[in-house]
Amino acid sequence: MAFVLAVTGSAVGLGNIWKFPYIAGQNGGGAFVLVYLACVVLIGMPVMMSEILIGRRGRRNPVATMELLGKEEGSSANWKWVGGMGVVAGILILSYYSVIAGWTLAYIVKSATGVFAGASAEAVGAEFSGFVGNWKAIGLTHTIFMALSVFVVARGVERGLEQAVRFMVPALLILMLLLLLYSINSGYFGQGVAFMFTPNFELLTWGSVLAALGQAFFTLSIGMGAVMAYGAYLPEETSITGASAAVVTADTGIAILAGLAIFPLVFANGLTPADGPGLVFNTLPLAFGQMSGGVFFSTIFFVLLSFAAWTSAIGLMEPAVAWIVEHFHKTRAQATVLIGGLIWVLGFGSVLSFNVLADTTFLAGTLFDNVDYLTSNIMLPLGGLLITVFAGWVMCRNSTSDELGNSGMLFKAWRMLARFIAPIGILIVLVNAVL
Ligand code: PFF
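Residues numbered from 1 in each chain as written. Predicted model: local features only at pLDDT ≥ 70, side-chain atom pairs only at ≥ 80, totals over all residues. Heavy atoms only, no water.

### Looking at the environment of Asp 372
Here is step 1: In this structure, Asp 372 sits in helix α16 (residues 367-394).
Here is step 2: In this structure the C-alpha to C-alpha distance between Asp 372 and Ala 320, which are 52 residues apart in sequence, comes to 19 Å. (Helix = DSSP H or I, 4+ residues; strand = E, 2+ residues; numbered from the N terminus.)

Printed below as a string of structure tokens:
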């Protein structure tokens, strides 16, 4: 149970409530959502199981685990570079994740002080652009969020947070249901549902398919060794398949709920689904602002979302911190301050992407867009590809069936997905979208 809670805490975060709706909106909805769901089941699930089983077998940080198992399975110590890429991906993701998490912190205060009470769509939009346009303001909230994350990881009190996740996920679910009710009553629910679930495959480019794949990896926290790092603490007798299924279901459910709550609001208020990273901040406060008890619910909502981001941030730091502690024999506190400081500095690239450097674009867009693209759409899928190849082809059948604990249908299905469907699927999408 503690393991499922820790992994759920890492998986459920900004990816579900902030990122999923805005990426779905930018990619035309319907067909994108369908591809995302297919990626979650056919690729996400086997990658997650592979990561956990590798982590449990290696019982070390992801770098050392891949090195050890690579040698043990008669392959090569160079598999450690897969772990190394995960360490780098975690650092890069947290550098911008913390900036957005800082926004949610600020929105706790804005909600509690009644900024959104009865506000119009224009007022809510202006509040958002005014806030992110001020680099000092979002630099400060980024700093506060990183300080909170470093504090928890340095003291090694993450274990205590698992108990909090037990409360946070259901509470978040209840508030999402409340928003859903509001959306259903907005008169635009049908339009929101149609946007999310009516596929128009003509709109689907390879770029959107890659975005769906990247989102599946990001939201499930896979492809970078975070789940592997948690797997290292998993007892022998726990079912990896059961734990993965529970996490995947909870995570996907919350994302779909967020979409169902947000898109009707978008249409009801004449906003556009392709609004980008501000989508959630421009829609949900609007809904809260109009419901009775809205100040209270809005405040609680952003507290829960910040908390969800916090438990994810811990997962993002874990591979890097565990590696520094074990490889360089530093204390946990030293390693965390070092990694946290690095991430904090890098984060200013994303802080400035929303104001001073907003017009400085290259490749995928602003600096923020590029870090996001590189990590979600390239590094995580590539990591997932190598992880499934390792679990499906490098590790011998007995090693994996030992860990997955059965040789029946489920094991056969996992092996089929891990050996063929997942790696080949990832490769096809990467090649078509990137090259
Ligand atoms: N899954 C998290 C989210 O959806 O917000 C983000 C994340 C956390 C990605 C931890 C990767 C990770 F290791």
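### Let's talk about unusual backbone geometry
Here is step 1: One non-glycine residue, Ser 221, lies in the positive phi region at around 60°.
Here is step 2: Mapped onto the secondary structure, Ser 221 falls in the loop between α10 (206-220) and α11 (226-231).

### Overview of a nonpolar patch on the surface
Here is step 1: Nonpolar side chains collect at one region of the surface, where Val 41, Leu 42, Trp 206, Trp 393, Met 416, Phe 420, Ile 421, Ile 424 and Ile 428 lie side by side and expose about 830 Å² of accessible area between them.
Here is step 2: Among the elements of the structure, α3 (30-58) and α18 (409-434) are those that each provide at least two residues to the nonpolar patch.
Here is step 3: When residues of the nonpolar patch are assigned to their parent elements, the largest contribution, 5 residues, is made by α18.
Here is step 4: With respect to the element layout, Met 416 can be found in helix α18.
Here is step 5: By relative accessible area, which is 46% here, Met 416 ends up partly exposed. (Patch = residues over 30% accessible without salt bridge, like charges linked within 9 Å, V, L, I, M, F, W, Y side chains within 5 Å. Areas by Shrake-Rupley, 256 points an atom, 1.4 Å probe, with all protein chains shown as cover. Salt bridge = Lys/Arg side-chain N within 4 Å of Asp/Glu carboxyl O. Buried < 20%, exposed > 50% of the residue type's maximum accessible area, 1.4 Å probe, protein only.)

### Side note on the site of the ligand
Here is step 1: Near the ligand lie 15 residues; those nearest to it are Gly 15, Tyr 97, Phe 218, Ser 221 and Ala 226.
Here is step 2: Gly 15 places a main-chain nitrogen or oxygen 2.7 Å from an oxygen atom of the ligand.
Here is step 3: Here Tyr 97 contributes a side-chain N or O atom positioned 2.5 Å from an oxygen atom of the ligand.
Here is step 4: The protein chains hide 100% of the 340 Å² of surface that the ligand would expose on its own.
Here is step 5: Mapped by element, the contributors of at least two residues to the shell around the ligand are α1 (2-11), α2 (14-26), α10 and α14 (294-328).
Here is step 6: Taken together, the residues that form the shell around the ligand break down as 7 nonpolar, 8 polar and no charged. (Near = heavy atom within 4 Å. Polar contact = N/O pair within 3.5 Å; in protein donor to acceptor, adjacent residues only side chain to side chain. Nonpolar A, V, L, I, M, F, W, Y, C, P; charged D, E, K, R; others polar.)

### Some words on the packing of aromatic side chains
Here is step 1: Under the defined criterion, the tally for this structure stands at 26 aromatic pairs.
Here is step 2: Considering the side-chain rings of Phe 20 and Tyr 36, the 4.9 Å spacing of their centres and the 40° angle between planes classify their relative orientation as tilted. Of this pair, Phe 20 sits in helix α2 while Tyr 36 sits in helix α3, and the two are 16 residues apart along the sequence. Both residues of the pair, Phe 20 and Tyr 36, count as buried.
Here is step 3: Ring centres 5.3 Å apart and planes at 85° place the aromatic pair Tyr 96 and Phe 368 in the edge-to-face group. Taken together, the positions of Tyr 96 in helix α5 (residues 80-112) and Phe 368 in helix α16 put the pair 272 residues apart, joining distant regions of the chain.
Here is step 4: Sitting over the ring of Phe 218, Lys 19 keeps its end group 4.0 Å from the ring centre. (Phe/Tyr/Trp six-rings, centres within 6.5 Å; stacked < 30°, edge-to-face > 60°. Lys NZ or Arg CZ within 6 Å of the ring centre and 35° of its normal.)

### Remarks on the pattern of salt bridges
Here is step 1: Tallied over the entire structure, the rule returns 8 salt bridges.
Here is step 2: The partner of Arg 57 in a salt bridge is Glu 403, and the shortest N-O contact between them spans 3.0 Å. Taken together, the residues span a long stretch of sequence, with Arg 57 in helix α3 and Glu 403 in helix α17 (residues 397-404) at a distance of 346 residues.
Here is step 3: Look at Glu 403 and you get buried, because its relative accessible area is 7%.
Here is step 4: The partner of Lys 110 in a salt bridge is Glu 127, and the shortest N-O contact between them spans 2.8 Å. Taken together, the positions of Lys 110 in helix α5 and Glu 127 in helix α6 (residues 121-132) put the pair 17 residues apart, joining distant regions of the chain.
Here is step 5: Owing to a relative accessible area of 14%, Lys 110 belongs among the buried residues under this scheme.
Here is step 6: Look at Glu 127 and you get partly exposed, because its relative accessible area is 25%.
Here is step 7: Three or more residues are tied together by salt bridges with common partners; here these are Arg 56, Arg 57, Arg 59, Glu 236, Asp 402 and Glu 403.

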